[in-house]
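Letter by letter, the chains look like this.
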Amino acid sequence: MNRSILIVICDFLLVSLLAFSTVDINKAADEGTPRQVKMDIATKPADSGKDLAGVMRLALEEERRNRDQILSELAKTRENSTHQEALLVQREKQEQDLQQQLQLREQETVRFQQEQAALQQQFASAQTNIENLNQQLHSTSVDAILSKEKLAAMQAEMQKQAEQAAALQQQLGQLAHSNEVVLAQKQQLAGQLQVAEVEKNVAAQQVVSMREEVKVEREEKARLAEGVKALATKSDELAQQVRESRPLAPNTIFSDFLTNRVQAEFDASRAGLFGEATKNRGTATVLITDGVNIYALCHVQDTPLTLWNPGTDWEALTGDLSRGKAAVPIRSVIFCLRDPRVLLIPLTAEQARQLGCRIYHVVSDPYKFQDAVLVGARDGYYGECKFEIDTTTPGYVRLNRGMLKGLFGQFNPSRGDLVFSRTGEFLGVMANSSYCMMMQDFEGAAAVLFGKDVRTQHTGAILSQLYTMLTGMPNKLQ
């Protein structure tokens, strides 16, 4: 309920109570004073209604006044509130402006500090420049003093130079006179030089002509030299062909063998039932080559090694090749692949030079001559014999025993004998008493290294395998 209406109702009730009450208000107010009360309520009902209406109007007017006052106060309050909000916005704006100004002041402070640092640096640089300028000023002062001294010295030097220039001028006059004399001599020499140039040109032409003649003569001599060289080459070729085509005498071949033979000695040892068993063999041989490698050659029967089954396990194998006082050790032996009875002893070029003997070349054409010279390397005999081709045994030639002609010693061809062609080249070695194996290649079937201890090589097994190869060859070659 509205407060104004409540006030009006309360006032109405209060007036009603006062109107119907019989209490003498005046008596109640002052009990000591007697008062008379006159009640005319029943006779005046219309006045009470008028009073209540008046009271109601008064209350309504008062309520209107209160409402107007409240509305006025509310308007003032709203106006004050709006004013306060405007002031608050204005203060916020002023605060933002103050913050911006503060930031600007801080930036200006930083800038001022930077400018102050730069100014301090410039001030320090200026101080340094002032000091440098003071030093330069001092140096300039010193230099000025020195310049005055130099100026005096230069003036004295100029005076001296002037005197020298006068002397030189005098000398120049003398030189001009001398120059005239020299020019006259130069003209005279120029005439002589022209004459010399003409003589030089003539001499140069003569030199060119002589060079052409010399060139022609050299070309002619070169052609003659080429012809002589070609003739010499042809002569050597013809001489070689003549030597190859001309058979040597058996005596010459045997004499060459005696001069160049090499003695091969072999020693083998192993443990036996009654102590150490040893075996020694030796033979004469020659050095042969295929153009690349160098070997000494012999038959297996001339060594302690025997092709048999079971083979002998030797514990030590040693040997050497000697000629006169020179000797080289045997490092290994190689069993030929085509015939394991033929052994090759490899040598180095240095070892061959130490022995100092001829190295025989293998014959290039073994069928050029039918007869050959057979030399007994062990027994020292030699003689002529004829060999025939057996198509069933390639790489071998068969000895024609009906055409033997012994020339020295008890001539009895047997295995291990060396056979030379009639040109003095090496042909081969007798594999048995009837067939000669021609040396056409140096391919090996097996090899044995020599040394004080060869037990790890198991020579018995190697010899047994080679014996198996030998038994597989044709009977007439065994």
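Check the entry above for the structure.
Residues numbered from 1 in each chain as written. Predicted model: local features only at pLDDT ≥ 70, side-chain atom pairs only at ≥ 80, totals over all residues. Heavy atoms only, no water.

A. Summary view of the overall build of the chain. Scanning the chain for helices and strands turns up six helices and 16 strands. When the 478 residues of the chain are sorted by exposure, 24% land in the buried category. Contacts in the chain between residues at least 24 apart in sequence constitute 68% of all its contacts with a sequence separation of at least 6. A total of about 32,900 Å² of accessible surface is found on the chain, and carbon and sulfur atoms cover 55% of it. (Helix = DSSP H or I, 4+ residues; strand = E, 2+ residues; numbered from the N terminus. Buried < 20%, exposed > 50% of the residue type's maximum accessible area, 1.4 Å probe, protein only. Contact = heavy atoms within 4.5 Å. Areas by Shrake-Rupley, 256 points an atom, 1.4 Å probe, with all protein chains shown as cover.)

B. A look at a negative patch on the surface. Taken together, the side chains of Glu212, Glu213, Glu217 and Glu219 define an acidic patch exposed on the protein surface. With respect to the element layout, Glu219 can be found in helix H3 (residues 45-245). Taking relative accessible area as the criterion, Glu219 reaches 39% and is therefore assigned partly exposed. (Patch = residues over 30% accessible without salt bridge, like charges linked within 9 Å, V, L, I, M, F, W, Y side chains within 5 Å. Salt bridge = Lys/Arg side-chain N within 4 Å of Asp/Glu carboxyl O. Lys, Arg positive; Asp, Glu negative; His and termini not counted. Charge placed at Lys NZ, Arg CZ, Asp CG, Glu CD.)

C. Representation of a nonpolar patch on the surface in the model. A grouping of Ile5, Ile9 and Leu13 is seen on the molecular surface, where their side chains present a nonpolar patch of about 260 Å² in accessible area. Relative to the helices and strands, Leu13 is located in helix H1 (residues 3-20). Under the relative-accessibility criterion, Leu13 is labelled partly exposed at 48%.

D. Quick peek at the sheet that holds strand E16 (residues 444-449). An order of E9-E3-E4-E8-E7-E16 is seen for the six strands of this open sheet, with the pairing classed as mixed. The open sheet has two edge strands, strand E9 (359-361) and E16, and neither has a second partner. Ignoring which end each strand starts from, the neighbouring axes of this sheet average 35 degrees apart. Two strands pair when backbone bridges link them, and strand E3 (residues 287-289) and strand E4 (residues 294-299) are joined in this way by three bridges, in the antiparallel orientation. Counted as the bridge partner of Thr289 is Ile294 from E4. (Pairing = 2+ DSSP bridges. Axes fitted to C-alpha atoms, helices over the stretch in contact; angles between N-to-C directions.)

E. Region of the structure containing the pairing of strand E8 (residues 342-347). Burial analysis of E8 places five of its six residues in the buried class, which makes it a mostly covered element. Across six bridges, E4 lies against E8 in antiparallel orientation. Of the residues in E8, the one forming a bridge with Leu297 is Leu344. Pairing analysis gives two bridges linking strand E7 (residues 332-336) to E8, with the strands arranged antiparallel. Its bridge partner lying in E8, Phe335 is registered against Leu343. What sits between the antiparallel neighbours E7 and E8 is a turn of five residues.

F. How the structure looks around the pairing of strand E15 (residues 435-438). Neither face of E15 is open: one carries Tyr435 and Met437, the other Cys436 and Met438, and all of them are buried. Bridge count between strand E14 (residues 426-430) and E15: three bridges; the pairing is antiparallel. Paired with Met430 across the strands is Cys436, a residue of E15. In sequence, E14 turns back onto E15 through a hairpin of four residues.

G. Helix H4 (residues 250-260), seen in detail. By the burial criterion, the buried members of H4 are Pro250, Ile253, Phe254, Phe257 and Asn260. One side of H4 carries all its buried residues, which in axial view fall inside an arc of 135 degrees. (Arc of directions from axis to C-beta.)

H. Seen up close, the packing of aromatic side chains. For the coordinates displayed, the defined rule picks out eight aromatic pairs. Taken together, a centroid distance of 6.4 Å and an interplanar angle of 70 degrees make the contact between Phe266 and Phe450 edge-to-face. One end of the pair, Phe266, is in strand E1 (residues 262-272); the other, Phe450, is in the loop between E16 and helix H6 (459-471), and 184 residues separate them in sequence. There is no split in this pair, since Phe266 and Phe450 are both buried. Here Tyr295 and Phe442 contribute two aromatic rings whose centre-to-centre distance is 5.0 Å and whose plane-to-plane angle is 15 degrees, an arrangement assigned as stacked. Of this pair, Tyr295 sits in strand E4 while Phe442 is found in the loop between E15 and E16, placing the two residues 147 residues apart along the sequence. According to the relative accessible area criterion, Tyr295 is buried, its value standing at 9%. Ring-pair connections join several aromatic residues into one group, and the members of that group are Phe254, Phe257, Tyr360, Tyr382, Phe420 and Phe426. Above the plane of the ring of Trp314 lies Arg270, whose end atom (NZ or CZ) is 5.7 Å from the centre. (Phe/Tyr/Trp six-rings, centres within 6.5 Å; stacked < 30°, edge-to-face > 60°. Lys NZ or Arg CZ within 6 Å of the ring centre and 35° of its normal.)

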